[in-house]
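Results of the structural survey
What follows is the residue order along each chain.
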Amino acid sequence: MTVNRELFDHVMVPNYAPSSVIPVRGEGSRVWDQQGREFIDFAGGIAVNCLGHCHPALVGALKEQGEKLWHLSNVMTNEPALRLAKKMVDATFAEKVYFANSGAEANEAALKLARRFALDQFGAEKSQIIAFNKGFHGRTFFTVTVGGQAAYSDGFGPKPGDIVHCDYNDLAAFEALISDKTCAVMMEPLQGEGGIVSPTDEFAQGVRDLCTKHNALLIFDEVQTGVGRTGNLYAYQGLNVVPDILTTAKALGGGFPIGAMITTTEIAQHLKVGTHGSTYGGNPLACAVAEAAFDTVNTPEVLAGVTAKAALFNQLLTEINNKYHVFSEIRGQGLLIGAVVSEQYKGRAKEFLVAGTEHGLMSLVAGADVVRFTPSLVIPEADIREGMARFEKAVASVVSA
Ligand SMILES: *Cc1c(COP(=O)(O)O)cnc(C)c1O
């Protein structure tokens, strides 16, 4: 069988448009394709591979658990899930954990819990969910409707109801929307897919205060920002704003699919036996790998390393930009970095990604105007420098095209 990019068009549902490169192997922040071409990975599987590829701690946990026990269903609990949950509770505001398999599923659980909590505590009138334009919360029908991009939710028939949106960082607009009928507010404590947009301190604190005032639950979607990405274990810890419910996925498994919703005991008790569930959620294999990832990331060395590596990243990006003037702003937090293309390149961020691939560099975009970098949290300095040298060549090729 010839396994190449053409086969994709023959056998895969056409909802993705993948690159012609087919990687076959990865180690640390380097990846090799079918032809043996090497790439530096500044994409990290979209903020998932927090420890790069095939990190020994993760491979070790996978092998060890892989020879013990993979799956049981939630008819029985298991040791890795209990250990991981205990560590997450110890490291955060939360007291209870629900495991899922992805970010969307963690958010689905959070939204259902918020609706159930409001129904139990306040009655059926309190069902409104407020979220933010350009926000992203996953691709199930509930989460895509809560997400702030109609392009992702239109065209599938009637949507889940009582969901409204306003602009991120517009506290006045938010204050005008929220009321005692608001059940929950879902927000990213730094918009990822929406273009790497940080909240102002005033906005984050204002949203928290208004949620408290109106008995609305504040749900932080930390699927992209969580597990060390911003230099804190969770971004809320850097913002000094504590949510009522938090969702985490992507980096949580370091590349193995897992998601989680975490919350307080008071709120959690409304998901009574039988109200929600998942066949795979919290299976021992995923939890064992995630436990190893969590243990490795949640250390002062790795978290401080994120801040140091981010400083180097920003410095080298700025140097490239001082030469070529292709970006109007370099922004983000920790190793969640966005380079906003200048007016001349508006709508063309993808060209930098494509040119990067041609020069042996994997990167991402966040919308049409932002080149996004979400490398491994433990990427060696030499790989940052080499990757940036390749990115400079990519930028030069876009500029001279
Ligand atoms: C990626 C992402 C999701 C969706 O996660 P999946 O694992 O793809 O379902 C949800 N919220 C945010 C903020 C994300 O970045």
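Conventions used here
- Residues numbered from 1 in each chain as written.
- Predicted model: local features only at pLDDT ≥ 70, side-chain atom pairs only at ≥ 80, totals over all residues.
- Heavy atoms only, no water.
- UniProt positions renumbered as here; feature names shortened; annotations may be inferred.
- Helix = DSSP H or I, 4+ residues; strand = E, 2+ residues; numbered from the N terminus.
- Rg over C-alpha atoms; globule rule 2.2 N^0.38 Å.
- Buried < 20%, exposed > 50% of the residue type's maximum accessible area, 1.4 Å probe, protein only.
- Contact = heavy atoms within 4.5 Å.
- Areas by Shrake-Rupley, 256 points an atom, 1.4 Å probe, with all protein chains shown as cover.
- Near = heavy atom within 4 Å.
- Polar contact = N/O pair within 3.5 Å; in protein donor to acceptor, adjacent residues only side chain to side chain.
- Nonpolar A, V, L, I, M, F, W, Y, C, P; charged D, E, K, R; others polar.
- Axes fitted to C-alpha atoms, helices over the stretch in contact; angles between N-to-C directions.
- Left-handed = near helix turned anticlockwise from the far one by under 90°.
- Salt bridge = Lys/Arg side-chain N within 4 Å of Asp/Glu carboxyl O.
- Core = buried A, V, L, I, M, F, W, Y, C linked by side-chain atoms within 4.5 Å.
- Domains from an automatic or database assignment.
- Pairing = 2+ DSSP bridges.
- Patch = residues over 30% accessible without salt bridge, like charges linked within 9 Å, V, L, I, M, F, W, Y side chains within 5 Å.
- Buried area = accessible area lost by both parts, 1.4 Å probe.

- The chain has the name Acetylornithine aminotransferase in an unreviewed UniProt entry, where Pseudoalteromonas nigrifaciens is given as its organism.
- Quoted verbatim from the Catalytic activity (unreviewed entry) heading of the UniProt record, the comment on the chain is "N(2)-acetyl-L-ornithine + 2-oxoglutarate = N-acetyl-L-glutamate 5-semialdehyde + L-glutamate".
- Within the UniProt record for the chain, the comment given under Sequence similarities (unreviewed entry) is "Belongs to the class-III pyridoxal-phosphate-dependent aminotransferase family. ArgD subfamily."

1. Things to note about the overall build of the chain
- In terms of regular secondary structure, the chain is built from 15 helices and 15 strands.
- Relative to the 2.2 N^0.38 estimate, which gives 21 Å for 401 residues, the radius of gyration of the chain is 21 Å and therefore close to what a compact globule would have.
- When its C-alpha atoms are laid out on the principal axes, the chain stretches across 60 × 55 × 45 Å.
- Residue burial in the chain is summarised as follows: out of 401 residues, 53% are buried.
- Sequence separation of 24 or more characterises 71% of the internal contacts of the chain that already satisfy a separation of 6 or more.
- Summed over all atoms, the accessible surface of the chain reaches about 17,700 Å², with 55% contributed by carbon and sulfur.

2. Some details on the site of the ligand
- In the neighbourhood of the ligand, the contacting residues comprise S102, G103, A104, N107, F136, H137, G138, E188, D221, V223, Q224 and K250.
- Between G103 and the ligand, the recorded distance is 2.8 Å, taken from a backbone N or O atom to an oxygen atom.
- One of the side-chain N or O atoms of Q224 is found 2.8 Å from an oxygen atom in the ligand.
- Within the complex, 81% of the 380 Å² of free accessible area of the ligand lies under protein.
- The biggest single contributor to the shell around the ligand is helix α5 (residues 103-122), with three residues.
- In terms of residue class, the shell around the ligand is built from three nonpolar, six polar and three charged.

3. Some remarks on the packing of helix α4 (residues 79-91) against helix α12 (residues 284-297)
- Relative orientation of the contacting elements α4 and α12 amounts to 35°, with a least axis distance of 8 Å. When the axes of α4 and α12 are compared, the crossing they make is left-handed. For the pair α4 and α12, the contacting residues are P80, A81, R83, L84, K87, M88 and A91 in the first and P284, C287, A288, A290, E291, F294 and D295 in the second.

4. Concerning the pattern of salt bridges
- A complete count under the given rule lists 21 salt bridges for this structure.
- Notably, a salt bridge pairs R390 with E38, separated by 2.6 Å at the nearest N-O pair. Pair noted here: R390 is in helix α15 (residues 381-400) and E38 is in strand β3 (residues 38-41), with a separation of 352 residues, a long-range link.
- D369 is the partner of K346 in a salt bridge, and the nearest nitrogen-oxygen pair spans 3.5 Å. Here the residue K346 occupies a position in the loop between β12 (336-341) and α14 (349-358), and D369 occupies one in the loop between β14 (364-365) and β15 (370-373), the gap between them amounting to 23 residues.
- Overlapping salt bridges, with partners in common, bring together R30, E38, D383, E386 and R390 in one network.

5. Focus on the nonpolar core
- Of all hydrophobic cores here, the largest spans 81 residues; its most connected members are F174, V207 and F391.
- No other element matches helix α13 (residues 300-324), which puts nine residues into this core.
- Counting contributing residues per domain, this core is built from domain 1 (5-54 + 300-400) and domain 2 (57-297), each supplying no fewer than three.
- Those residues in contact with F174, other than ones at most four positions away along the chain, are I130, F132, C166, V185, V207, L210 and C211.

6. Some details on the pairing of strand β2 (residues 30-33)
- Where strand β1 (residues 23-27) lies against β2, four bridges are found, and the strand directions are antiparallel. Within the sheet, the bridge partner assigned to E27 lies in β2 and is R30.
- In sequence, β1 turns back onto β2 through a hairpin of two residues, with G28 there showing a positive phi of about 60°.
- One ladder, built from three bridges, connects β2 with β3; its direction is antiparallel. Its bridge partner lying in β3, W32 is registered against E38.
- What sits between β2 and β3 in their antiparallel hairpin is a turn of four residues, with G36 showing a positive phi close to 85°.

7. Notes on a nonpolar patch on the surface
- Together, L69, L72, V75 and M76 make up a nonpolar patch on the protein surface, roughly 390 Å² of accessible area in all.
- Examined against the element boundaries, L72 turns out to sit in the loop between α3 (56-66) and α4.

8. What about the domain arrangement of the chain?
- Here the chain is partitioned into domain 1 (5-54 + 300-400) and domain 2 (57-297).
- Of the roughly 2,100 Å² buried where domain 1 meets domain 2, counting both sides, 64% is carbon and sulfur surface.
- When the buried surface of domain 1 facing domain 2 is broken down by residue, L51, L303 and L336 rank first, second and third, together holding 27% of it.
- Here domain 1 and domain 2 share one salt bridge between them.
- The partner of E193 in a salt bridge is R372, and the shortest N-O contact between them spans 2.9 Å.
- The interface formed by domain 1 and domain 2 contains six residue pairs in polar contact (both at pLDDT 80 or more).
- Only α2 (44-47), α13, β11 (327-333), β12 and β15 provide two or more residues apiece to the side of domain 1 that touches domain 2.
- For the side of domain 1 that touches domain 2, the leading source of residues is α13, giving four residues.

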